[in-house]
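This is what each chain is made of:
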Amino acid sequence: MATLELKQITKRFDDTDVIKGIDLEVNDREFVVFVGPSGCGKSTLMRMIAGLESATSGDILINGERINEVGPAHRGLAMVFQSYALYPHMTVEDNMGFSMRLAKVPKEQRRQKVLEAAKILQLEPLLDRKPKALSGGQRQRVAIGRAIVRNPSIFLFDEPLSNLDAALRVQMRIELARLHEELDATMIYVTHDQIEAMTMADKIVVLHDGVVEQMGSPMELYHHPRNRFVAGFIGSPKMNFLDVSLEEAGPEGVRIRLPSGRDCTVPVDGSELAVDSPLELGIRPEHLQLDDQGPLSGEIQVLERLGGQTSLYVQMGELVVTIMADGDVAHRVHDMVRFGFDPMRAHLFNSEGTALPSLHQHPLAGLTRRDHRQAAEGSNQ
Amino acid sequence: MNKTRASGRTVGGLRTLSLQAPAVTLLLLWMLIPLGLTIWFSFQRYNLLMPGMTGFAGLENYQYLFSDPALWSAMGTTLLLVGWVLAITVVGGTLLAVLFQQDFAGRGIARVLAISPFFVMPTVSALVWKNMMMHPSNGVFSWVAETFGFQAVDWFSSLPLTSIIIIVAWQWLPFALLILLTAMQSLDEDQVEAARMDGAGPVAIFFFITLPHLKRAISVVIMIEMIFLLTIFAEIFVTTSGGPGLATTNLAYLIYIRALLDFDVGTASAGGVIAIILANIVAIFLVRMVAKNLED
């Protein structure tokens, strides 16, 4: 049982505000991912939770108790570092048992706990090795093992997979998700990789310039981004943004004029819009369809065939639009293509970059990874 | 002739050997001629005060030397001097390196100041210590002692070897500090933080993280300092001239006494041979230790 709460947390280094007032609640056994571009303050935020950095103002509460002044070792947290931070002169066993050695736990008991953790992580054959003799993935597992033996109430992961190669990263991602279920612990995870965020999180916190841009389930962020930044950050390849002009706005939808001159009605609430205010249309590459009758057109500049899918980079005036199309499209570079989209899938952003609220809630928007789990458990019975 | 390394490259071969030969030959001669001459003289009756008495002496020089209590006293002095200076510089250097790694105002200047004694030449520093620090009436130490109402210490007559050790340690502490400070900077900050998360306080971090990290650098410091400390001469020559009695005569100084004060080249050469053997014994242990450290 562990909950974490942040209240108006700020952090200032000399003259720079790195964290500008963050409120956050992490529920028991939740897997929360902090995601954002480099320099957004996500690592600083995690280090403040860990106690390695002090908060300039605001409260940090674990299980309802304020722990701002509690040292890092006494917060009941364990952290896995990006560089693994294994102690190079100690064996795997000593690395994992170091915290217990400092706490003067008897040797037998220490060995017992290390073996337990090693079993979960399949590290038993490696216990006598030094970190130097391990591969990247194994080192990562040792670092996680070191966290497990401390039996923390909350696990903190600081970009743990970014030093691994692509194949291993996928494997470790699955392993971490499995671990979360097995340990049933609260976990906080920092990454700049939105795929990691999307696949593992119960709740994603998108950070930008020291503020929370949006907080919610992965599907909520994908289908209902609150602003242009979140829309561009979540989803890969990146969302396309087109400048469009407003024709008619109302609570039942907004009629816009596309760059090609055609009109289109997007089902969002436009009652707050002023006349003539500039708008931006956002459509994800996977929601653009090649269509000979489509309202948009352009010349293919680059074609990337991935087998199952093909990415088309289409020059449309000044703008390059990305389209994710079927793997079997027959087009070639410099072909002219027409394409369109389902207005339900489009997002509209006002001049401040805020999304106009959608009239239809996406059916999956409330789904979390936990729901997957419960459904799976239910079907097994 | 050709050997294959693990990397697949071949080494040796006639061509590479012929290219290496001039340099290797030169270095070999450079080493062998003085060594050969020393050994040759050590078996000769060769005293500049007695020009008539020359010729092969057999082991007489060695017999004379080994029966001379000065040799054993000099060996003891040498080992004491090396041991104490090593202990002071390594322990002090490690602690100072940890201190100078902390962030404080004026750290850059403090570092330069702490390292500067290394750039003072031994004769000068010995003179400064002799006449300005440890002088029984004009020295800073005696002034401090008298200010607090203590008896001033006549350093070079009552604590001669201690004084030499202090001077030499003062000179070599910056060297240890320099090497260890550089090593400190490569300590992974994440490791320290991981240890903090694991519940390690400053002392535990020092013993479990910092010290193991510095192990290799410390062995390098010990090896290099040992080579130079075995041959300390200028500091002794300037301050105590090996005295009082033989209290501060180390092996290097003893050889100097035999060769240039007694003009007995034969015995001095025999002393030289013994010094070479002693240095080699020490070196074998050291090289083994360092090599083992560098391996893992």
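Each value, and the rule that gives it
Residues numbered from 1 in each chain as written. Chains lettered and ligands numbered in written order. Predicted model: local features only at pLDDT ≥ 70, side-chain atom pairs only at ≥ 80, totals over all residues. Helix = DSSP H or I, 4+ residues; strand = E, 2+ residues; numbered from the N terminus. Buried ≥ 20, exposed ≤ 12 C-beta atoms within 10 Å, placed from the backbone. Contact = placed C-beta atoms within 7 Å. Rg over C-alpha atoms; globule rule 2.2 N^0.38 Å. pLDDT = per-residue confidence, 0-100. Domains from an automatic or database assignment. Axes fitted to C-alpha atoms, helices over the stretch in contact; angles between N-to-C directions. Parallel < 35°, antiparallel > 145°, perpendicular 65-115°, else oblique. Left-handed = near helix turned anticlockwise from the far one by under 90°. Nonpolar A, V, L, I, M, F, W, Y, C, P; charged D, E, K, R; others polar. Pairing = 2+ DSSP bridges.

**Student:** Can you walk me through the overall build of chain A in this structure?
**Tutor:** Regarding its fold elements, chain A presents nine helices and 20 strands. Taking the principal axes of the C-alpha coordinates as reference, chain A spans close to 75 × 50 × 45 Å. For chain A, buried positions account for 39% of its 381 residues. Residue pairs at least 24 apart in sequence account for 65% of intrachain contacts in chain A once pairs closer than 6 positions are excluded.

**Student:** Help me understand the overall build of chain B in this model?
**Tutor:** The helix and strand tally for chain B stands at 13 helices and two strands. Here chain B has a C-alpha radius of gyration of 24 Å; the compact-globule value for 296 residues is 19 Å, and the former is much larger. With respect to the principal axes defined by its C-alpha atoms, chain B has extents near 75 × 75 × 30 Å. Within chain B, residue pairs in contact and separated by at least 24 positions form 67% of the contacts whose partners lie at least 6 positions apart.

**Student:** Would you mind going over the confidence of the model for chain A with me for this structure?
**Tutor:** In low-pLDDT segments, the atomic positions of the prediction should not be examined closely. Here chain A shows a mean pLDDT of 86. Residues at 70 or above account for 96%. pLDDT under 50 marks residues 375-381 of chain A. Its contacts with residues more than four places away, or in other chains, come to zero contacts.

**Student:** I keep staring at the domain arrangement of chain A and nothing clicks. Help me out?
**Tutor:** Interfaces are often sized by the accessible area lost when the parts come together. Taken as a whole, chain A is organised into domain 1 (4-228) and domain 2 (237-349). On a C-alpha basis, the centres of domain 1 of chain A and domain 2 of chain A stand 39 Å from each other.

**Student:** Teacher, can you tell me more about the packing of helix α2 (residues 92-102) of chain A against helix α3 (residues 107-120) of chain A here?
**Tutor:** Any two packed helices are characterised by how steeply their axes cross, that is the angle between the axes, and by the distance between the axes. Residues and elements named next belong to chain A. Between α2 and α3, the shortest axis-to-axis distance is 9 Å and the interhelical angle comes to 130°. Taken together, the axes of α2 and α3 lie oblique to each other. Along this stretch, α2 crosses α3, giving a crossing that reads as right-handed. Across the interface between the two elements, Glu93, Met96, Gly97, Met100 and Arg101 from α2 touch Arg110, Lys113, Val114 and Ala117 from α3. Along the lines of polarity and charge, the residues of the contact of α2 with α3 split into four nonpolar, one polar and four charged.

**Student:** I tried to follow the environment of Met50(B) on my own but got confused; where do I start?
**Tutor:** With respect to the element layout, Met50(B) can be found in the loop between α1 (14-42) and α2 (60-66). Separated by 213 residues in sequence, Met50(B) and Phe263(B) have C-alpha atoms that sit 9.2 Å apart.

**Student:** Honestly, the sheet that holds strand β15 (residues 288-290) of chain A in this entry has me stumped. Any pointers?
**Tutor:** Think of a sheet as strands paired side by side through backbone hydrogen bonds, with each pair either parallel or antiparallel. Residues and elements named next belong to chain A. Read across the open sheet, the five strands follow the order β15-β19-β16-β17-β18; overall the sheet is antiparallel. Each edge of the open sheet is held by one strand with a lone partner, namely β15 and β18 (319-326). Within the sheet, the average angular offset between the axes of one strand and its neighbour, ignoring direction, is 45°. In terms of strand pairing, β15 meets strand β19 (residues 336-341) through three bridges, oriented antiparallel. What sits directly across from Leu288, in β19, is Phe341.

**Student:** Would you mind showing me how to read the confidence of the model for chain B here?
**Tutor:** Residues and elements named next belong to chain B. Averaged over chain B, the pLDDT score is 85; the fraction of residues at 70 or greater is 95%. Across chain B, the secondary-structure element scoring lowest on mean pLDDT is strand β1 (residues 3-4), at 56, and the one scoring highest is helix α8 (residues 160-185), at 91. Overall fold confidence (pTM) sits at 0.77, and the ipTM for the predicted complex is 0.78.

**Student:** Where do I start with the pairing of strand β10 (residues 211-216) of chain A in this structure?
**Tutor:** Regular strands place their side chains on alternate faces of the sheet. Residue and element names in this part refer to chain A. Within β10, five of the six residues are buried, leaving the element largely enclosed by the surrounding structure. By the bridge criterion, five bridges tie strand β9 (residues 203-208) to β10 in an arrangement that is antiparallel. Bridge assignment links His208 to a residue of β10, and that residue is Val211. Remark: two residues form the turn of the hairpin made by β9 and β10, two consecutive strands paired antiparallel; Asp209 in that turn has positive phi of roughly 50°.

**Student:** Would you mind going over the interface of chain B and chain A with me for this structure?
**Tutor:** Facing 13 residues of chain B, the contacting portion of chain A comprises 15 residues. Elements with a contribution of two residues or more to the side of chain B that touches chain A: α9 (189-197) and α10 (202-229) of chain B. The element that contributes the greatest number of residues to the side of chain B that touches chain A is α9(B), accounting for six residues. Classifying every residue of the side of chain B that touches chain A gives six nonpolar, two polar and five charged.

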